[in-house]
Every structure is written in C-alpha cells, then in structure tokens.
Amino acid sequence: MKKRTIALLLLTALLGVLLTSCSERNHYSPGYWRDSIFYDAFVDLRFTLPQGWEATSQEDLDAMSAEADKALDIQRGGTGENPNSVYHYELSAKDTETGNGILILVQSYSGNANDYIDGLEAGAEMEGATYSVGTIATVQLPGHAYLMVPLTMEGQDTPYQRQYLRKQGDYLINIMLFSTTEDDAAFSALEATFSEMDDA
C-alpha cells in the first residue's frame, strides 16, 4: 500500500499546474465512519468495509493530504511550510488477503476530468512511471455518472486501476479502485462496496 501511495502522491503533485489556489468552496466536508460503514455526503455515497479488509486511519489520511499539499506548494515555488489545502484523502481501504483496494481523493481543481487525464499521462511520463490508459467510458456508480479511466501501472503490487472521475463545483472527485487482476469481475466486486447515501 505504501508503494502505491507514494506513486499517487508523486503523480498528484505533478498535476499542480491545473489545480485551483484553494479556498474551501461548495461546502466541502469530509466523510466519517460509523461502525464498518463510511458515509461521505460530499461525494454522495457510502462504503461498506468488507470482512477481512482494513481501512487507513484518519491520522494517516491527513498525513497523505499534508504531504501532497506540501509537494504541490514546493512545485509552485513555495517553501512547503504553509501550503494551501488542496488535497483531501477521504478514504483508503484494502483487502488484506488479495491487496485489492479503494481510495477516494477530493481535490480543488480548475480543469475538467479530461484535463486530469491529460495531466495524469504527462505526470507519469515526467516521473518515469509506466502508465498505460485503456478505453475511457462514462459509467454509473451509486448516485452519479463518472468518467472511468482504466489504467495499468507497471511495478505495482496492484497494477490494474480504474479511476472514476467527476467534477463537483470547484472540486474533482476521484474514486480509485486497485486490483491484482484486470478482470471485470474483480472491479465489479469493488464497485459493489458502494451504495447511495439515501439508502443509509
């Protein structure tokens, strides 16, 4: 998980040229856990933690957000000491047996989902990462349509990813699913952990 997290931090920092400066608009608020269910009103879905999975602590998520904000501030020419709040790592959880997992990132973002895809490819190239992008499609997750980007990243424990993107006001919501295999069934099982907030 740490290897994957570092790669994500590097790539998100490289996308900084497309990000907004960062005021908290559109009433962003983080999600919260109640028992084994994560409720996220801003993203407008809930996640049920399957048996055998473990979730990243809020302390570690906050550290990931702070590290990404610092990297972005330094990239923009700052010192990294008092960065603007741009990245919000909402949720990270994985199957301890297979390594398959989920990560939700909300970030202040001035572009659209297609800009993000262009930036992801450019950022991966700059970092020397080997990303290949599959066929992009519009898909439905509980409550909303998302632009789904299938990715393969060489050298990762879970090299197959699907990123589900949508804009909400001044924010880009990115739901990332990770799998050791590229089978549709594996990703369908991951998608099944989400449900609509209205069902809560």
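Residues numbered from 1 in each chain as written. Predicted model: local features only at pLDDT ≥ 70, side-chain atom pairs only at ≥ 80, totals over all residues. Heavy atoms only, no water.

Engineer: Lay out the pairing of strand 10 (residues 160-168) in plain terms, naming residues and giving numbers.
Structural biologist: One ladder, built from 6 bridges, connects strand 9 (residues 144-153) with strand 10; its direction is antiparallel. Bridging across to strand 10, Pro150 finds its partner in Arg162. Between strand 9 and strand 10, which follow one another and run antiparallel, lie 6 residues, and Gly155 among them has a positive phi close to 85°. Direction of pairing for strand 10 relative to strand 11 (residues 171-179): antiparallel, over a ladder of 9 bridges. (Pairing = 2+ DSSP bridges. Helix = DSSP H or I, 4+ residues; strand = E, 2+ residues; numbered from the N terminus.)

Engineer: So what's going on with the sheet that holds strand 12 (residues 194-195)? Which residues, and what values?
Structural biologist: In any sheet, the strands associate via hydrogen bonds between backbone groups, in a parallel or an antiparallel arrangement. Ordered in space as 1-2-3-12, the 4 strands form an open sheet in which the pairing is antiparallel. Edge strands, defined here as strands with exactly one partner in the open sheet, are strand 1 (32-34) and strand 12. Of the pairings in the sheet, the one linking strand 1 to strand 2 (residues 37-40) comprises 3 bridges and is antiparallel in character. Paired with Tyr32 across the bridge in strand 2 is Tyr39.

Engineer: Got a sec to walk through the side chain of Asp73? Specific residues and values, please.
Structural biologist: Mapped onto the secondary structure, Asp73 falls in helix 2 (residues 58-75). Here Asp73 sits buried without a salt bridge, and the closest side chain of opposite charge, Arg76, lies 6.3 Å off (N-O distance). If we skip the residues at most four places from it in the chain, Asp73 touches Gly78, Thr79, Gly80, Glu81 and Pro83. (Buried < 20%, exposed > 50% of the residue type's maximum accessible area, 1.4 Å probe, protein only. Lys, Arg positive; Asp, Glu negative; His and termini not counted. Salt bridge = Lys/Arg side-chain N within 4 Å of Asp/Glu carboxyl O. Contact = heavy atoms within 4.5 Å.)

Engineer: Lay out the packing of aromatic side chains in plain terms, naming residues and giving numbers.
Structural biologist: Aromatic ring pairs are described here by two measures, namely the spacing of the ring centres and the angle between the planes. Per the counting criterion, the structure on display carries 8 aromatic pairs. A ring pair is formed by Trp33 and Phe47, whose centres lie 6.3 Å apart and whose planes are at 80°; its orientation type is edge-to-face. Here Trp33, found in strand 1, pairs with Phe47, found in strand 3 (residues 45-48); they are 14 residues apart in sequence, far enough to count as distant. Relative accessible area serves as the criterion here: at 32%, Trp33 is assigned to the partly exposed category. A centroid spacing of 5.9 Å and a plane angle of 55° characterise the contact between Phe47 and Phe194, whose relative ring orientation is tilted. (Phe/Tyr/Trp six-rings, centres within 6.5 Å; stacked < 30°, edge-to-face > 60°.)

These figures come from the coordinates and say nothing about function on their own.
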